[in-house]
Amino acid sequence: MNAMMTFEEEKMQMAFEDLKATERLCESENTGVIETIKNKLKRSMDTQRSGVAAVDRLQRQIIIADCQVYLAILSFIKQELSAYIKGGWILRKAWKMYNKCYNDITHLQEGSKRRASEQEATPSSSPSSSSVRSSQSSSSSPEPSHSQRLDGISPEALDRLKGSASFGYGLFHLCISMVPPHLLKIVNLLGFPGDRLQGLSALTYASESKDMKAPLATLALLWYHTVVQPFFALNGTDIQMGLMEAKSILQQREALYPNSSLFMFFRGRVQRLECQISSALTSFNDALHLASEQREIQHICLYEIGWCSMIELNYRESYRAFERLKAESRWSQCYYAYLTAVCQGATGDLEGAAVVFKDVQRLFARKNNQIELFSLKRAEKLRSSSLSREHCILSVIEILYLWKALPNCSTANLQTMTQVLQAIEDASCAGLKNLLLGAISKCLLSTKDAIQYFQLAARDEVGRLSNSYVQPYSCYELGCVLLNSPESAGKGRMLLLQAKENYTGYDFENRLHVRIHSALASLKATSQP
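Residues numbered from 1 in each chain as written. Predicted model: local features only at pLDDT ≥ 70, side-chain atom pairs only at ≥ 80, totals over all residues. Heavy atoms only, no water.

**Description of the confidence of the model for the protein**
Quick note on the threshold: Confidence of the predictor in every single residue is expressed as pLDDT, which spans 0 to 100. Helix and strand assignments follow DSSP, with helices taken as H or I runs no shorter than four residues and strands as E runs no shorter than two, numbered in order from the N terminus. The contact criterion used is simple: two residues touch if any of their non-hydrogen atoms lie within 4.5 Å.
When the pLDDT values of the protein are averaged, the result is 81; 79% of them are 70 or greater. Within the protein, no element has a lower average pLDDT than helix α6 (residues 127-138), which sits at 43, and none a higher one than helix α20 (residues 411-423), at 96. Overall, residues 40-45 carries pLDDT values under 50, and its contacts beyond four positions in sequence, including any with other chains, amount to five contacts. In the model, residues 124-150 has pLDDT below 50 throughout and makes 15 contacts with residues more than four positions away in sequence or in other chains.

**Focus on the nonpolar core**
As a reminder of what qualifies: Nonpolar core, defined: a set of buried Ala, Val, Leu, Ile, Met, Phe, Trp, Tyr and Cys residues in which side-chain atoms within 4.5 Å join the residues together. Note on classification: 1.4 Å probe, protein chains only; a residue is buried when its accessible area is under 20% of the maximum for its type, exposed when over 50%, partly exposed between these limits.
In terms of nonpolar packing, the biggest core is built from 154 residues, with Trp-307, Leu-400, Trp-403, Leu-406 and Tyr-469 touching the most fellow members. Once residues within four sequence positions are removed from consideration, Trp-307 is found in contact with Arg-272, Phe-322, Tyr-335, Ile-399, Leu-400, Trp-403 and Ala-405.

**Overview of unusual backbone geometry**
Trans is the prevailing form of peptide bonds, just as negative phi is the prevailing case for residues other than glycine. Its identity as a non-glycine residue notwithstanding, Cys-275 has a phi of 65°, on the positive side. Among the structural elements, Cys-275 can be located in the loop between α12 (261-273) and α13 (277-290). Under the relative-accessibility criterion, Cys-275 is labelled partly exposed at 38%.

**Let's talk about the environment of Gln-240**
Along the chain, Gln-240 turns up in helix α11 (residues 240-253). Sequence-wise, Gln-240 and Leu-273 are 33 residues apart; in three dimensions their C-alpha atoms are separated by 9.2 Å.

**Structural notes on the packing of aromatic side chains**
For any two aromatic rings, the description comes down to two numbers: the centre-to-centre distance and the angle of the planes. Put simply, the rule is: Here a pair means two rings of Phe, Tyr or Trp (six-membered ring of Trp) with centres within 6.5 Å. Their orientation is stacked below 30 degrees between planes, edge-to-face above 60, and tilted elsewhere. Charges are assigned to positions over rings by a cutoff of 6 Å between ring centre and Lys NZ or Arg CZ, combined with an angular limit of 35 degrees from the ring normal.
With the rule as written, the count across this model stands at 18 aromatic pairs. Ring centres of Tyr-70 and Phe-167 lie 6.4 Å apart, and the angle between their planes is 55°; on these two criteria the pair is classed as tilted. Taken together, the positions of Tyr-70 in helix α4 (residues 47-77) and Phe-167 in helix α7 (residues 155-177) put the pair 97 residues apart, joining distant regions of the chain. Owing to a relative accessible area of 5%, Phe-167 belongs among the buried residues under this scheme. Among the aromatic residues, those joined into a cluster by ring pairs are Tyr-303, Trp-307, Phe-322, Tyr-335, Tyr-336, Tyr-338, Phe-357, Phe-374, Trp-403 and Phe-508. A cation sits over an aromatic face here: Arg-511 above Phe-508, 4.1 Å from the ring centre.

**Examining the pattern of salt bridges**
Using the following cut-off: By definition here, a salt bridge exists when the distance from a side-chain nitrogen of Lys or Arg to a carboxyl oxygen of Asp or Glu is within 4 Å.
Evaluated as defined, the whole model comprises 15 salt bridges. Between Glu-254 and Arg-267 there is a salt bridge, with its nearest N and O atoms 3.4 Å apart. Highlighted residues: Glu-254 in the loop between α11 and α12 and Arg-267 in helix α12, separated in sequence by 13 residues. A single network of salt bridges, built from pairs that share partners, joins Arg-269, Arg-272 and Glu-304.

**A short note on the packing of helix α18 (residues 370-384) against helix α19 (residues 389-402)**
The packing of two helices is summarised by the inter-axis angle and the distance between the axes. The following threshold applies: Orientation is described by axes fitted as lines to C-alpha atoms, over the contacting stretch for helices, and by angles from 0 to 180 degrees between their N-to-C directions. Oblique is the label for any angle not under 35 degrees, not over 145, and not in the 65 to 115 range, which are roughly parallel, roughly antiparallel and roughly perpendicular in turn. Here is the rule for handedness: rotate from the far helix to the near one, and if that takes an anticlockwise turn smaller than a right angle the crossing is left-handed, while a clockwise turn gives right-handed. All amino acids are sorted into three groups, where Ala, Val, Leu, Ile, Met, Phe, Trp, Tyr, Cys and Pro are nonpolar, Asp, Glu, Lys and Arg are charged, and the leftover types, Gly among them, are polar.
Between α18 and α19, the least distance of the axes is 11 Å, while the angle of their chain directions is 160°. Classified by the angle their axes make, α18 and α19 are roughly antiparallel. Here α18 runs over α19; the crossing is right-handed. Of the residues in α19, those touching α18 at Phe-374, Arg-378 and Leu-382 are His-391, Ser-395, Glu-398, Ile-399 and Leu-402. Residue classes in the contact of α18 with α19 are distributed as four nonpolar, two polar and two charged.

If you want it as structure tokens, here you go:
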């Protein structure tokens, strides 16, 4: 959890080592659970003992599979091709383990239900038939009593095991469903599918179970509905369904975790997505206070405070939040330095911003990290040109766009951004300027203006080298707008495919491919009867 919340290399390495140690501790022979139970029964008629052994063995296998899923997630976080492939091979092992555990648990549950129905039918039988069965049973193997269950495992224990397996199994499916589309063929070759809905169903089962991982499953669902789904546009532009699910989970668990900083954090995420930025800031500040001794949770709260302040165009408060993260967090100080610099420049402190822009290059550490590469290129461009407050505000709006935060901005703030962008006359920024104006017009429901701006951005060649993502993103945005009309849906689909197939090597390519894949999947789903 610490590694996933902070993304710090040191914590990720510690998590990797701990997970490998846990995996080694739980490793056992590869014989099946059912075969193990049969062997135990042959050696001993003590069904209770064999049941305990089976539960222990199942639990060990589930823990091993869980460790493999967590190891894969740590690999995916790096957002590198080699990491995706490595994570895929790890998930293949987990998939086989989960499949085996699910089959074994299902087999035991079916047997338990069958035995229970047989026992319920016994009292209704006649006394004579009962005496016959009694005499027969005295000369054969003794049947388990009512207090015992199939192979000594109670239905409650099986339900808990199913909940335990469902947590990792659900995360597994969500991970696969988020693999960039151009890698899905490789994933399919590894021998497993990724079903997002099945993953969510499994996580819901786990969250409602009595297993110790139920709270983690709840947090995973909140994380998906409030962070992953909106960011990757997994349901197209519709995030209301996810928000409703998140609000329902928070309402159900509020009494259980009244002072939880994490639940307060997710409440803030819901409020931010509902454009209640003032309430979201209150929730994030409350969560920050509750997490006074939990540095990792403090940092994700500070991050959201910085973002909400940017959404409100409160550059001074966002600058303070990101400056603190730059000083305290060990994850991507280069990225935090860039956010600090653009927010500081947007306040008008250009001299201070210029100093921090130099820090971006000094703190650049991960050459294969898309975010750090983007931060470095942008910082170098701003340093080399004549730095102005307007260019820094342009960079803030660009960040809001790329991280899909523009829809959270108020109408007044969107109009303020439009005025700033229209006043910029730098030809090298023309394509980016038109892309951002199109995105703002889309948020303001000015469809005609949005189409015109996206068309201008898609045709821009001047800024292609410095803003290499502008053209494919413009094609994607224009395609999404045209999909909303039956008359232009065909052209919209063509533009999505063009954005996917005609461009390569640009910033945040994987991110756009996931969004294109989701948009095409939504289109296919709506076109089916």
